[in-house]
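Spelled out from the first residue to the last, the chains are:
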Amino acid sequence: MASIKIPTPLRVYTGNNAQVTVSGETVGAALTDLTTQYPELKQHLFNGDQLRNFVNVYLGEEDIRFLSGLDTDIDPDTLLRIIPSIAGG
């Protein structure tokens, strides 16, 4: 099964798990499984059915927004990473 690395600020919503195993054949299906397992996480990742603007999901070194977005196919051994944008001043 695929897995998703959870950034430190969001681990409070995953029982402090740094990585979560998920099922699904696309990034969107994997994220849906993640938010089904941890429903409180959904509001921090999604605005409706779309990823929030400040949430970046990477497949390897590629931002999924430059691939096929949530429709990007994944393999069972895929490791996805959620990387929230950080504003600075």
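A quick note: this is a predicted structure, and the numbers were derived from the prediction, not measured.

Rules and cut-offs
Residues numbered from 1 in each chain as written. Predicted model: local features only at pLDDT ≥ 70, side-chain atom pairs only at ≥ 80, totals over all residues. Heavy atoms only, no water. Helix = DSSP H or I, 4+ residues; strand = E, 2+ residues; numbered from the N terminus. Buried < 20%, exposed > 50% of the residue type's maximum accessible area, 1.4 Å probe, protein only. Lys, Arg positive; Asp, Glu negative; His and termini not counted. Salt bridge = Lys/Arg side-chain N within 4 Å of Asp/Glu carboxyl O. Polar contact = N/O pair within 3.5 Å; in protein donor to acceptor, adjacent residues only side chain to side chain. Contact = heavy atoms within 4.5 Å. Core = buried A, V, L, I, M, F, W, Y, C linked by side-chain atoms within 4.5 Å. Pairing = 2+ DSSP bridges.

**Q** Would you mind showing me how to read the side chain of Asp63 here?
**A** Mapped onto the elements of the fold, Asp63 is located in strand β6 (residues 62-63). In this structure, Asp63 is buried with no salt-bridge partner, the nearest side chain bearing the opposite charge being Arg65 at 4.1 Å. Within polar-contact distance, the side chain of Asp63 engages the backbone nitrogen of Arg65 at 2.9 Å. Look past the residues within four positions of Asp63 in its chain and what remains in contact with it is Asn56, Val57 and Tyr58.

**Q** What is the right way to look at the nonpolar core in this model?
**A** The nonpolar side chains of soluble globular proteins are, as a tendency, buried together. Counting 20 residues, the largest nonpolar core has Ile4, Leu31, Leu34, Leu45, Val57 and Ile82 as its most contacted members. Within the residue set of this core, elements represented by two or more residues are β1 (2-5), β2 (19-22), α1 (27-37), β5 (55-59) and β7 (79-84). Among the elements that take part in this core, α1 stands out by supplying four residues, more than any other. Ignoring any residue separated from it by four or fewer positions in sequence, one finds Leu31 in contact with Ile4, Phe46, Leu51, Val57, Leu70 and Ile82.

**Q** What should I look at first to understand the pairing of β7 in this one?
**A** On any regular strand, side chains alternate: one points to one face of the sheet, the next to the other face. As paired elements, β1 and β7 share three bridges and run parallel to each other. Bridged to Ser3 within β7 is Leu79. Bridge count for β5 against β7 is five bridges, and the pairing is antiparallel. Paired with Val57 across the strands is Ile82, a residue of β7.

**Q** Would you explain unusual backbone geometry in this entry?
**A** Note: most residues except glycine have negative phi, and most peptide bonds are trans. Residue Asn16 is not a glycine yet carries a positive backbone phi of 65°. Tracing the backbone through its elements, the reader meets Asn16 in the loop between β1 and β2.

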